[in-house]
Amino acid sequence: MSAPTALTGAAVPREPGAAPVAPPPIPAGRHADKPHLTRDHLLGLLSDMIRIRRFEEACAELYTQEKIRGFLHLYIGEEAVAVGAMRALGTADSIVATYREHGHAIARGVPMTTCMAEMYGMVEGCSGGRGGSMHLFDLDHGLYGGNAIVGGGLPLAVGLAMAHRRLGRDAVAACFFGEGAVAEGVFHEAANLASLWRLPVLFVCENNLYAMGSALDLTEAETDLHLKTASYRIPSEVVDGMDVVAVEAATKAAVDAIRGGGGPRFLECRTYRFRAHSMFDAQLYREKSEIEEWRGKGPIRRFRHWLEETGTLHDGDLDAIESEVKAELDAAIAFAEAGTREPVETLERHVLADSAAAPAAVRPETRP
Amino acid sequence: MTPTITAESPAPATDGTVETTYREACKEALRDALARDERVFLMGEDVGHYGGCYAVSKGLIDEFGPDRVLDTPLAENGFTGAGIGAAIGGLRPIVEIMTVNFSLLALDQIVNNAATLRHMSGGQVGVPVVIRMATGAGRQLAAQHSHSLENWYAHVPGLKVLAPATCEDARGMLWPALEDPDPVVIFEHVMLYNRKGTMPAAAGTVDIARAAVRRPGEDVTLIGYGGTLHKALDAAEALAAEGVSAEVIDLRVLRPLDRETITASAARTRRVVIVDETWRTGGLSAEIAATIAETAFWDLDAPIERVCTAEVPIPYPAHLEQAALPRVESVVAAARRALGRPEGAGA
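How each quantity is defined
Residues numbered from 1 in each chain as written. Chains lettered and ligands numbered in written order. Predicted model: local features only at pLDDT ≥ 70, side-chain atom pairs only at ≥ 80, totals over all residues. Helix = DSSP H or I, 4+ residues; strand = E, 2+ residues; numbered from the N terminus. Buried ≥ 20, exposed ≤ 12 C-beta atoms within 10 Å, placed from the backbone. Contact = placed C-beta atoms within 7 Å. Pairing = 2+ DSSP bridges. Axes fitted to C-alpha atoms, helices over the stretch in contact; angles between N-to-C directions. Parallel < 35°, antiparallel > 145°, perpendicular 65-115°, else oblique. Left-handed = near helix turned anticlockwise from the far one by under 90°. Nonpolar A, V, L, I, M, F, W, Y, C, P; charged D, E, K, R; others polar. pLDDT = per-residue confidence, 0-100. Core = buried A, V, L, I, M, F, W, Y, C linked by C-beta atoms within 7 Å.

**Description of the overall build of chain A**
And then number 1: When you go through chain A residue by residue, the secondary structure sums to 11 helices and eight strands.
And then number 2: Split into buried and exposed, the 368 residues of chain A put 49% on the buried side.
And then number 3: The long-range share in chain A, meaning contacts at least 24 apart out of those at least 6 apart in sequence, stands at 77%.

Here is the structure:
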């Protein structure tokens, strides 16, 4: 470990496992423009978060049974971000997500069946089995993939927004990414392009405080990430990413501004990953007490309490949701279990378009 | 940065052909594509107001406006990724990257996104983007503007890679590349831009699938592409003076390689010289040589010869740069070796 240097003013590097520097407090009043908070709507938010939670718990279990292999990055703890944001986006909008995108796919409406079949690598999966956990695609739901290069999806969202505008579509391109992506050059390139060309791009930073195992304050000189886009003239907002209603409200405000021609917006959603980065992570870089503290303010637990306190959640509601989700999940697992393994004979499919497999062969014999 | 080279206008001829330059042919292709399809736009560094680093797009911004000829910041990975996203979204972008050396900054987007999205999505996402870039040495631009790395791209499934060597191909390859449902990377050799050539006045599109026999011959096959095609043709001319009939193949398409044309010629002439400006180690010539060894081994009368760039970053001084590159004399010498007549005709 190097000593702090007066020259750069760098902070003393933290010992692994030490508590991270607390992020600045979240400004109050975020609920000022709450969306339509009907009981159905609120129960829908709760239900979607529980759907994602149970789906991923099942994935972790299926991973230990070796039904799912490869990398498996769980979103558990961060559900409020995807669920809140998706509720504020329209069906014509495009979504670009990361390799931790099960929650985005499910919140977006991709059937749990095809998501699970994709986890199994089956032909019936939403990506035909070729992508797996990190690459869920479903163009019928405007989901342009989980992208497993950190920051790799950001310029795609910029390009999708270019297409939306040039083709006269009233649509927004929303990209989700972790706070680790903010350190990538491509984040800054994408932010600059989106603002320079005033494109309808929504940047949603899911700040879970750790880029894999590296804490935010060990990797960023400015840990208040929403400040960064000021240099690109992109209005930004910091949001309590554990509060699904706050995320929905902030997203709605941002999307309204974007649709009004205001150019891109940036949301920094402060959240926390309860589980390991992937199934291979021993979590040596953070204390159990820190995880427990965040679990205490978990998005489902917190929202459920709030619904109970306000009398919105009635007796039996939760049981009904859990039992519906269980049925949906059981059906999804059964669907995946009954899936088809692609024959090896078609291995080389989907490299190029099928229509381009045999291009017309005109043989030029001309002299230069 | 490279100095702008002034564009020349095509000269009309009377026999139904026009004399033009490679640069003008590239520009005509861009103009035609922009005029044909509203979804097409050109984006890249200095393509608009500056007129293109090599003056290929000079004047197009006046003709089509700044939205169709779009200047970008110096952010290769970002704007190439934006082009890929725009293609996914239904547009037909032509992304220009100044040189292949700079394209390494965009390698992530090209290899990890453009080439993989169709596959990862199980066929849902097509990426009909065209990425043009200059390649090659010869202008004393030293070791960060002069390399030939087209083999890096030719290595990647999911991409198509073109190398127009003639005015007709420079004019005719762009439109079919835009019509192609998959990403196409086009390499334009910097030493070709000023090169004059004739082509039919009504030149249109050409195929982007096959190699071409540019000069038929019997005794030895010389294989080149892009900038090296002309060295191979000059070598064939020199060999003709020695009584050697050399066949010259222009690869045109670097991925997928037209193995059939390569193999047929090698099997017929029984001797092969590959002229390739990529480095010898792991270069495109290695793939071609391996292909011939696999498909025409028993037809060969001599070991396959390779004339490649010396294993050195391209140096600045002219004499060292030229010494590093494939030269006509070295192609002729390689052909003589293949023919078992190292002293040349009459020796």
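**Some words on the sheet that holds strand S8 (residues 184-189) of chain B**
Residues and elements named next belong to chain B.
And then number 1: Strand order in the open sheet formed by seven strands is S4-S3-S5-S6-S8-S7-S13, with mixed pairing between adjacent strands. Of all the strands in the sheet, just strand S4 (69-71) and strand S13 (253-255) have a single pairing partner and so form its edges. Across the sheet, the mean angle separating the axes of adjacent strands is 25 degrees when strand polarity is ignored.
And then number 2: Bridge analysis of strand S3 (residues 40-44) against strand S5 (residues 92-99) gives five bridges, and the strand direction is parallel. Bridge pairing links Phe 41 to Pro 93 in S5.

**Some details on the interface of chain A and chain B**
And then number 1: In this complex, chain A contributes 45 residues to the contact, which on the side of chain B involves 46 residues.
And then number 2: Mapped onto the side of chain A that touches chain B, the elements with two or more residues apiece are strand S2 (143-147), helix H5 (154-166) and helix H6 (185-196) of chain A.
And then number 3: Counting residues per element, the side of chain A that touches chain B draws most heavily on H5 of chain A, which supplies 10 residues.

**Notes on the sheet that holds strand S15 (residues 305-309) of chain B**
All names here are of chain B.
And then number 1: Taken together, five strands build an open sheet; the order of strands is S10-S12-S11-S14-S15 and the sheet is mixed. Pairing within the sheet leaves two strands with one partner each, and these edge strands are strand S10 (212-215) and S15. In this sheet, adjacent strand axes meet at a mean angle of 25 degrees when their direction is disregarded.
And then number 2: Sheet topology places strand S11 (residues 220-224) next to strand S14 (residues 272-279); three bridges connect them, and they run parallel. Bridge pairing links Thr 221 to Val 272 in S14.
And then number 3: This element, helix H12 (residues 284-296), spans S11, S14 and S15 of the sheet and lies at about 150 degrees to S14.

**Some words on the packing of helix H4 (residues 112-119) of chain A against helix H11 (residues 317-337) of chain A**
Residue and element names in this part refer to chain A.
And then number 1: One way to put it is that H4 packs onto H11 with a least axis distance of 8 Å and a crossing angle of 45 degrees. Relative to H11, the element H4 lies oblique. Crossing geometry of H4 relative to H11 is assigned as right-handed. Side by side, H4 and H11 meet where Met 112, Thr 113, Met 116, Ala 117 and Met 119 of the first sit next to Glu 328, Leu 329, Ala 331, Ala 332, Ile 333, Phe 335 and Ala 336 of the second.
And then number 2: For the contact of H4 with H11, the residue count by class is 10 nonpolar, one polar and one charged.

**Here we look at the confidence of the model for chain B**
Residues and elements named next belong to chain B.
And then number 1: In the predicted model, chain B carries a mean pLDDT of 94, and 95% of its residues have values of at least 70.
And then number 2: Predicted confidence for residues 1-10 stays below pLDDT 50, and this span has 23 contacts to residues more than four positions away or in other chains.
And then number 3: On the interface metric, ipTM, the complex scores 0.93, and its pTM is 0.91.

**Re the nonpolar core**
And then number 1: Ranked by internal contacts, the top residues of the largest apolar core, which has 210 residues, are Leu 222 and Ala 335 of chain B.
And then number 2: Sorting elements by how many residues they give to this core places helix H1 (residues 39-64) of chain A first, with nine residues.
And then number 3: For Ala 335 of chain B, the contacting residues outside a window of four places in its chain are Val 220, Leu 222, Ala 235, Leu 239, Val 244, Ala 246 and Val 273 of chain B.
And then number 4: The next biggest cluster of nonpolar side chains, apart from the first, holds five residues, and it includes Tyr 210, Ala 215, Leu 216 and Tyr 272 of chain A.

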